[in-house]
Amino acid sequence: MPEMIWQDRKRILGMPITFTKYSMSEDRLFIKKGFLNLSTDELLLYRVRDISLKRSLGQRIFGVGSVVVYSSDQTTPSLELKNIKNSEEVKELLHQQVEEMKLQRRVRIGELMDGDPGDEDFDDGEVL
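Each value, and the rule that gives it
- Residues numbered from 1 in each chain as written.
- Predicted model: local features only at pLDDT ≥ 70, side-chain atom pairs only at ≥ 80, totals over all residues.
- Heavy atoms only, no water.
- Pairing = 2+ DSSP bridges.
- Helix = DSSP H or I, 4+ residues; strand = E, 2+ residues; numbered from the N terminus.
- Salt bridge = Lys/Arg side-chain N within 4 Å of Asp/Glu carboxyl O.
- Buried < 20%, exposed > 50% of the residue type's maximum accessible area, 1.4 Å probe, protein only.
- Axes fitted to C-alpha atoms, helices over the stretch in contact; angles between N-to-C directions.

1. A closer look at the pairing of strand E3 (residues 28-33)
- Bridge count between strand E2 (residues 20-25) and E3: five bridges; the pairing is antiparallel. Within E3, the position partnered with lysine 21 by the bridge is lysine 32.
- Between E2 and E3, which follow one another and run antiparallel, lie two residues.
- Between the antiparallel neighbours E3 and strand E4 (residues 39-44) lie five residues, among them glycine 34 with a positive phi of about 110 degrees.

2. Digging into the pattern of salt bridges
- Scanning the model with the defined rule gives four salt bridges in all.
- Residues arginine 11 and aspartate 8 are paired through a salt bridge, measuring 2.9 Å at the closest nitrogen-oxygen approach. Of the two residues, arginine 11 and aspartate 8, both sit in the buried class.
- Among the salt bridges present, the one from arginine 55 reaches glutamate 88, with a minimum N-O distance of 3.0 Å. On the criterion of sequence distance, the pair formed by arginine 55 in the loop between strand E5 (48-54) and helix H1 (57-61) and glutamate 88 in helix H2 (residues 87-104) is long-range, its members being 33 residues apart.

3. Description of the environment of valine 98
- The topology assignment puts valine 98 in helix H2.
- What makes valine 98 buried here is its relative accessible area of 3%.
- Sequence spacing of valine 98 and aspartate 27 is 71 residues, and the spatial spacing of their C-alpha atoms is 7.8 Å.

4. Focus on the sheet that holds E3
- If you walk across this open sheet you meet the four strands as E1-E2-E3-E4, and the pairing is antiparallel. Edge positions in the sheet fall to strand E1 (4-9) and E4, since each has one partner strand and no second. Each neighbouring strand pair of the sheet contributes to a mean axis angle of 15 degrees, computed without reference to strand direction.
- Relative to E2, E1 runs antiparallel, the two being bridged by five bridges. Its bridge partner lying in E2, methionine 4 is registered against serine 25.

5. Observations concerning unusual backbone geometry
- Look at asparagine 83: it is not a glycine, yet its phi comes out positive at around 50 degrees.
- By the element assignment, asparagine 83 lies in strand E7 (residues 78-85).
- A relative accessible area of 21% places asparagine 83 in the partly exposed class.
- In this model, asparagine 86 sits at a positive phi of 50 degrees, which is unusual for a non-glycine residue.
- Tracing the sequence through the fold places asparagine 86 in the loop between E7 and H2.

Encoded structure:
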């Protein structure tokens, strides 16, 4: 298992009493869910296209928020880190790590102008 830069759990009323764990390594974001039946999703950070932050009134009261990550990964086009502590700082940390991974992998940012689904193979703009 790679060394984790950040980790937290999904929280209920601000307390980490769920069986959903979030973590981030240098190059991937992980979500582990379940108690008896376990499932793990992961997302390569260089595939991240956008990151947003959601904080409802209830989340602000309990000091949590949700970070939504949108990617060019076809199996995981969006990933939500629900009810995490320090959500603004996590969003910033995630942004910095995504940019670092894109630089390391020499990925240039290519926005799709027309949104043509047939262009998905060229979404990442990876330079060989």
